[in-house]
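Coordinate inspection notes
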Amino acid sequence: MNPSIYQLISFLLTYPNQQMKEILPEIREEIEELSTDGVKENLQQFIHEVDRLSLDDWVAHYINHFDFGRLTNLYVTYLKLGEQRERGLELLKLKKYYEAHGFDVTDKELPDYLPLLLEFCAHVPVETSNEILDMHGKAIAEIQKKLQQENSFYHILFEALFIQMENHGLHVVTEDAI
């Protein structure tokens, strides 16, 4: 089975571990089979970056940017709402949205976790994935912008994501573009 681009990005945005490091050659092969220009090159560049790191360095980079980065964490409602009560309502609405589209959400991860959101997008029609990505596009763009400012190679995955979104007819207008 050829994973979708959203699935590949989702997987690559999860916490790195030994298994991920070991299957980088297989992921590289999957990426080679992609026909989407821009996406393919960005994913290849990302794999090149992480392949040259030790697992410890990759994990440290990940933790530094996603676990300790208030502005670069992967929870798309956090940037706008933080720990406010409204965020709980947003999380509940998101969980109900997933369920309404036949996607089972475990309690293992919050529904606004970007890799989970992208996994959902990989399993629904383009119109549905566009709708949810449009809802959270500004937050995703803000995370990418901060990663770029911090010189994190993870911004490359976000480049690939935005190219894929545009290929699906979705253009995210960021605050800078307004």
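Residue numbers run consecutively from 1 along every chain, following the written order of its sequence. Predicted model: local features are reported for residues with pLDDT of at least 70 only, side-chain atom pairs are reported and counted for 80 or more only, and whole-chain, interface and lining totals are derived from all residues. Hydrogen atoms and water are omitted, and side-chain values are computed over all heavy atoms in the structure.

As for the pattern of salt bridges
Basic side-chain nitrogens of Lys or Arg form a salt bridge, by our definition, when they fall within 4 Å of a carboxyl oxygen of Asp or Glu. Tallied over the full model, the rule gives 5 salt bridges. Here R28 ties to D51 by a salt bridge, and the two come within 3.0 Å at their closest N and O atoms. With R28 in helix α3 (residues 24-32) and D51 in helix α4 (residues 39-51), this pair connects stretches of sequence that are 23 residues apart. Relative accessibility under 20% of the residue-type maximum defines a buried residue, over 50% an exposed one, and the middle range a partly exposed one, all with a 1.4 Å probe and only protein chains included. Relative accessible area serves as the criterion here: at 35%, D51 is assigned to the partly exposed category. Where E90 meets K93, a salt bridge forms, and the shortest distance between an N and an O atom there is 3.2 Å. Taken as a pair, E90 and K93 lie in helix α7 (residues 85-100) at a separation of 3 residues, close to a single helical turn. Each helix is a run of DSSP H or I of at least 4 residues and each strand a run of E of at least 2, with the numbering of both proceeding from the N terminus.

Examining unusual backbone geometry
Phi at N151 is positive, roughly 55°, even though this residue is not glycine. Turning to its location among the elements, N151 is positioned in the loop between α9 (126-149) and α10 (155-167).

What to know about the packing of α3 against α4
Every axis corresponds to a line fitted to the C-alpha atoms, with the helix fit spanning only the stretch in contact, and the corresponding angles, defined between N-to-C directions, vary from 0 to 180 degrees. At a minimum axis distance of 10 Å, the contact between α3 and α4 shows a crossing angle of 165°. Judged by the inter-axis angle, α3 sits roughly antiparallel to α4. Our pair here, α3 against α4, has a crossing hand that is left-handed. Across from L24, I27, R28, I31 and E32 in α3, the residues of α4 making contact are K40, L43, Q44, I47, V50 and D51. Note that the term roughly parallel is reserved for angles under 35 degrees, roughly antiparallel for angles over 145, roughly perpendicular for angles of 65 to 115, and oblique for everything else. The crossing is said to be left-handed when, going from far helix to near helix, the turn is anticlockwise and less than a right angle, and right-handed when the turn is clockwise. We call two residues in contact when some of their heavy atoms are within 4.5 Å.

Some words on the nonpolar core
Counting 55 residues, the largest nonpolar core has L13, L43, L133 and Y154 as its most contacted members. Looking at this core, the elements that each hand over two or more residues are α1 (5-12), α3, α4, α5 (55-67), α7, α8 (114-122), α9 and α10. Apart from the residues within four sequence positions on either side, L13 is in contact with Y62, F66, L74, Y113, L114, P115, L118, Y154, L157 and F158. Joining through side-chain atoms within 4.5 Å is the link that ties buried Ala, Val, Leu, Ile, Met, Phe, Trp, Tyr and Cys residues into a set, and such a set is a nonpolar core.

Let's talk about the confidence of the model for the protein chain
Every residue is assigned a pLDDT by the predictor, reflecting its confidence on a scale from 0 to 100. Counting all residues, the mean pLDDT for the protein chain is 90, and 93% of those residues have values of 70 or more. Here helix α6 (residues 78-81) stands out as the element of the protein chain with the lowest mean pLDDT, 75, in contrast to α4, whose mean of 97 is the highest.

Topic: α3
Helical geometry: 3.6 residues make up each α-helical turn, so side chains three or four residues apart lie on a common side. Buried within α3 we find L24, I27 and I31. The buried residues of α3 occupy one face: seen down the axis, they fall within an arc of 60°. Among the exposed residues of α3, those pointing more than 90 degrees away from its buried face are E26 and E29. On its buried face, α3 sits against α1, α2 (18-22), α4 and α5. To obtain the arc, one takes the directions from the helix axis to the C-beta atoms.

Brief notes about the environment of L53
Structurally, L53 can be placed in the loop between α4 and α5. When the C-alpha positions of L53 and K21 are compared, they lie 9.5 Å apart, and in sequence the two are 32 residues distant. In this structure L53 touches K21, W58 and F153, once residues within four positions along its chain are discounted.

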